[in-house]
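Inside the fold
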Amino acid sequence: ETGVTQTPRHLVMGMTNKKSLKCEQHLGHNAMYWYKQSAKKPLELMFVYNFKEQTENNSVPSRFSPECPNSSHLFLHLHTLQPEDSALYLCASSQEGTPQETQYFGPGTRLLVL
Amino acid sequence: KNEVEQSPQNLTAQEGEFITINCSYSVGISALHWLQQHPGGGIVSLFMLSSGKKKHGRLIATINIQEKHSSLHITASHPRDSAVYICAVSTTGNQFYFGTGTSLTVIP
């Protein structure tokens, strides 16, 4: 248990569906992250939120839409995804969002887009 | 070419063996991280270091800033050490770069 939870753990969706991934951290951290992990590829940082403000968007397609209503919760809204978006989506948190910090990861949501 | 390269990609060891996983990077960093990912996906941070050496139980991580190289050592390996080990670096510009991971299998 890292103190970061993600739901759902598994998700299958069609290309026309709309779904949301949820992340919650119980560590009192101020920074939260979304990562994508595709097979045989390095982890890709998608979004960073620091004190609820988005500070990083690494050229992520607009079909992925993040939302951070407070420092403890982070959502990733998905719509009109493509099969190549199938991957493991990992959420992480850290205290202040600086590069020198340890990040705490959730268990991930394994997404399959049909 | 990836900013972070790990070797080997796959490693099989007998229980009790001493294991070394290597990481080289090509960018200026503020910290280097070693992560462990178990089957099922969850990732645990093992070490964060910016110089020298750190030890936690049977795990040792070293870094040579001049050579842009880090190693993760596991002493007296055990089947429960079987996982993917990921090297990652963070830069002063708040960029994160990840290696593709080393898949370790320890056989009883």
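Before any of the text, the structure's been laid out above.
Attention in this report is confined to the structure presented alongside it.

**With respect to the overall build of chain A**
A count of helical and extended segments in chain A gives zero helices and 11 strands. Taken over the C-alpha trace, chain A has a radius of gyration of 13 Å; the compact-globule value for 114 residues is 13 Å, and the two agree within 12%. Viewed in the frame of its principal axes, chain A has a C-alpha envelope of about 35 × 25 × 25 Å. Contacts spanning at least 24 positions in sequence make up 54% of the contacts within chain A whose residues lie at least 6 apart. Carbon together with sulfur atoms contributes 51% to the accessible area of chain A, which is approximately 5300 Å² in total. Across chain A, 10 positive and 10 negative side-chain charges occur, with their mean positions spaced 10 Å apart.

**Topic: the sheet that holds strand β8 (residues 73-79) of chain A**
All names here are of chain A. Read from one edge of the open sheet, four strands run β1-β3-β8-β7, paired in antiparallel fashion. Edge positions in the open sheet fall to β1 (4-7) and β7 (64-70), since each of these has one partner strand only. Here the average twist between neighbouring strands, direction ignored, is 20 degrees. Of the strand pairs in this sheet, β7 and β8 are connected by five bridges, and their pairing is antiparallel. Residue Ser65 lies in a different strand from β8, and its bridge partner there is His77.

**A look at the packing of aromatic side chains**
In this description, a pair of aromatic rings is defined by centroid distance and the angle of the planes. Counted according to the given criterion, the structure contains five aromatic pairs over all chains. With a centroid separation of 5.3 Å and an interplanar angle of 85 degrees, the aromatic rings of Tyr35(A) and Phe98(B) are classed as edge-to-face. With Tyr35(A) in strand β4 (residues 31-37) and Phe98(B) in strand β10 (residues 96-98), this pair bridges two chains. Each member of the aromatic cluster is reached from another via a ring pair, and the members are Tyr33(A), Tyr35(A), Phe105(A), Phe96(B) and Phe98(B).

**Description of the side chain of Thr109(A)**
Residues and elements named next belong to chain A. Its location among the elements puts Thr109 in strand β11 (residues 109-113). Thr109 sits in the buried class, given a relative accessible area of 0%. A distance of 2.5 Å separates a polar atom in the side chain of Thr109 from the backbone oxygen of Pro8. When neighbours within four sequence positions are excluded, Thr109 is seen to be in contact with Gln6, Thr7, Pro8, Arg9, Leu11, Leu21, Ala87, Leu88 and Tyr89.

**Describing the sheet that holds strand β7 (residues 59-64) of chain B**
Residue and element names in this part refer to chain B. Spatially, five strands are ordered β1-β3-β8-β7-β6 in an open sheet, and the strand pairing comes out antiparallel. At either end of the open sheet lies a strand with only one pairing partner, and these are β1 (4-7) and β6 (52-56). Strand-to-strand, the axes of this sheet are offset by a mean angle of 15 degrees, without reference to chain direction. With four bridges connecting them, β1 and strand β3 (residues 19-25) associate as antiparallel partners. The residue bridging Glu5 from the neighbouring strand is Ser24, located in β3.

Here is what the cut-offs are and how they apply
- Numbering of residues starts from 1 in every chain and runs along the sequence as written.
- Following the order in which they are written, the chains are lettered starting with A and the ligands numbered starting with 1.
- Local features in this predicted model are restricted to residues whose pLDDT is 70 or higher, and side-chain atom pairs enter the listing and the counts only when it is 80 or higher, whereas totals over whole chains, interfaces and linings include all residues.
- The basis for every side-chain value is the complete set of non-hydrogen atoms in the structure, without hydrogens or water.
- We count a stretch as a helix when DSSP gives it H or I for four or more residues in a row; a strand needs E for two or more, and each element gets its number in order from the N terminus.
- Radius of gyration means the value over C-alpha atoms here, while the globule rule gives 2.2 Å times the residue count to the 0.38 power.
- Whether two residues are in contact is decided by their heavy atoms: any pair within 4.5 Å suffices.
- Throughout, the Shrake-Rupley method with a 1.4 Å probe supplies accessible areas, and for residues the shown protein chains are the sole cover considered.
- His is not counted, nor are the chain ends; Lys and Arg add positive charge and Asp and Glu add negative charge.
- Lysine's charge is taken at NZ, arginine's at CZ, aspartate's at CG and glutamate's at CD.
- Strands are treated as partners if at least two bridges between them are detected by DSSP.
- Every axis in this analysis is a line fitted to C-alpha atoms, fitted for helices over the stretch in contact. Angles between the N-to-C directions lie between 0 and 180 degrees.
- Put simply, two rings from Phe, Tyr or Trp (the six-membered ring, in Trp's case) pair if the centres are within 6.5 Å, and we call them stacked under 30 degrees between planes, edge-to-face over 60, tilted for the rest.
- Only protein chains enter the accessibility calculation, which uses a 1.4 Å probe; a residue is then buried when its area is under 20% of its type maximum, exposed when over 50%, and partly exposed in between.
- Residues adjacent in sequence count toward polar contacts only when both atoms are side-chain atoms; beyond that, a polar contact is any pair of N or O atoms within 3.5 Å, and within protein one must be able to donate a hydrogen and the other to accept it.

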